[in-house]
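The lines below spell out each chain.
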Amino acid sequence: MARVRSVDLGSSFLSALDGVCEILLVRHGEQALASNMALADAVDAPLTELGRRQAAAVGERLADDAIDAVYSSTMVRARDTGRAIAAHHDLPVTELEALGEIHLWRDLPQERGLVDALGPDELRRIMREGNRTRRWDAYPHAEPRDEFRSRIVGALDGIMADHVGERVVVACHGGVINGYVAHVIESALDAPFTVHHTSITTVRGMDELRRVVQVNDHHHVRSFQDELNPINAL
């Protein structure tokens, strides 16, 4: 079998993965959030009923694809999404802590809610600035953006190195997906795209080359979802 040419790495019609690792980055299903809930509870919130339905739908979507391995972060919403996919392929889910979401409120008291900790005006200011700049340094209480980028790039590049010639699913988070895509395309933004719950973003790697093939493919949920819960807007 001829090795894939670098010029074909981003092709939508690539028929073989010789020398290539293809990673399907799947955002977790919708998580159970509530206004002003304690940050400690929000950080690792489980899937909602809709989130479980989304996870089942992406599992069905990928059921007939050749999948060689499934990874997830250690967060319950990503783990359970990964399991919904892996079950169709009789695969385990390998959990990596390094794939966890950026903690935008890490340095605030975790027993308090955002409104209580910051006040409504400051919270609105921070959220507006984050939405305007699409950068994590707009959030003054967050995990440092460079540390976050370093850990997720290291984790995903490591998966690519371990799975040359294979297709791998990574169930993770919107910030992780955005951060890795931003790294690959050399964007100054931290969140250049919107990625819907259980959307599929495809990235391929060959040696040191990386190519983004598609972003935010969520057609599998369109038959039962036509709006977004505002509290899950990020």
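Residues numbered from 1 in each chain as written. Predicted model: local features only at pLDDT ≥ 70, side-chain atom pairs only at ≥ 80, totals over all residues. Heavy atoms only, no water.

Caption draft 1: Highlighting the packing of aromatic side chains. Summed over all chains, the structure comprises two aromatic pairs. An angle of 80° between the planes, with centres 5.6 Å apart, marks the rings of Trp105 and Tyr139 as edge-to-face. Linking Trp105 in the loop between β3 (93–95) and α4 (114–118) with Tyr139 in the loop between α5 (120–133) and α6 (145–162), this pair joins segments that are 34 residues apart in sequence. There is no split in this pair, since Trp105 and Tyr139 are both buried. (Phe/Tyr/Trp six-rings, centres within 6.5 Å; stacked < 30°, edge-to-face > 60°. Helix = DSSP H or I, 4+ residues; strand = E, 2+ residues; numbered from the N terminus. Buried < 20%, exposed > 50% of the residue type's maximum accessible area, 1.4 Å probe, protein only.)

Caption draft 2: Representation of α6 within the structure. Counted at 1.5 Å a residue, the expected span for α6 with its 18 residues is 26 Å, and the 26 Å between its end C-alpha atoms agrees. What α6 keeps buried is the set Phe148, Arg149, Ile152, Val153, Ala155, Leu156, Ile159 and Met160. End-on, the buried residues of α6 take up no more than an arc of 160°, which puts them together on one face. Away from the buried face of α6 by more than 90 degrees, exposed residues Asp146, Ser150, Ala161 and Asp162 are located. Residues of α6 that are buried sit in contact with β1 (21–27), β2 (69–72), β4 (167–172), α7 (174–185), β5 (200–206) and β6 (209–217). (Expected span 1.5 Å × (residues − 1). Arc of directions from axis to C-beta. Contact = heavy atoms within 4.5 Å.)

Caption draft 3: Broad picture of the sheet that holds β3. Pairing is mixed in the open sheet, where six strands are placed in the order β3-β2-β4-β1-β5-β6. The open sheet has two free edges, formed respectively by β3 and β6, since each of these has just one partner strand. Averaged over neighbouring strand pairs, the angle between their axes works out to 20° when direction is ignored. For β5 and β6, the ladder comprises six bridges, and the chain directions are antiparallel. Considered in β6, the bridge of Arg204 is made with Arg211. Each of β1, β4, β5 and β6 touches α7; the most contacted strand, β6, lies at about 140° to it. (Pairing = 2+ DSSP bridges. Axes fitted to C-alpha atoms, helices over the stretch in contact; angles between N-to-C directions.)

Caption draft 4: Summary view of unusual backbone geometry. At Arg134, a position not held by glycine, the phi torsion is positive, near 55°. Mapped onto the fold, Arg134 is located in the loop between α5 and α6. On the basis of relative accessible area, Arg134 is assigned to the partly exposed category, the value being 27%. Its identity is not glycine, yet Asn216 carries a phi of approximately 65°, on the positive side.

Caption draft 5: Spatial organisation of the environment of Leu96. You can see Leu96 is positioned in the loop between β3 and α4. Separated by 25 residues in sequence, Leu96 and Tyr71 place their C-alpha atoms 7.3 Å apart. Discounting chain neighbours no more than four positions away, the residues touching Leu96 are Tyr71, Ser72, Ser73, Thr74 and Ile159.

Caption draft 6: Quick peek at α7. Counted at 1.5 Å a residue, the expected span for α7 with its 12 residues is 16 Å, and the 16 Å between its end C-alpha atoms agrees. By the criterion of burial, α7 is predominantly enclosed, with 10 of the 12 residues buried. Those residues of α7 not exposed but buried are Gly174, Gly175, Val176, Ile177, Asn178, Gly179, Tyr180, Val181, Ala182 and Val184. Buried positions along α7 lie against β1, α6, β4, β5 and β6. Phi turns positive, to about 60°, at Glu186, one or two residues after α7.

Caption draft 7: Representation of the pairing of β4. Among the six residues that make up β4, six are buried, leaving the element largely enclosed by the rest of the structure. Side chains of β4 alternate between two faces, with Arg167, Val169 and Ala171 and Val168, Val170 and Cys172 buried alike. Pairing geometry for β1 and β4, over six bridges, is parallel. Across the sheet, Arg27 pairs through a bridge with Cys172, a residue of β4. Two elements, β2 and β4, share four bridges in a ladder whose sense is parallel. Paired with Ala69 across the bridge in β4 is Val168.

So yeah, pure geometry; function would need other evidence.
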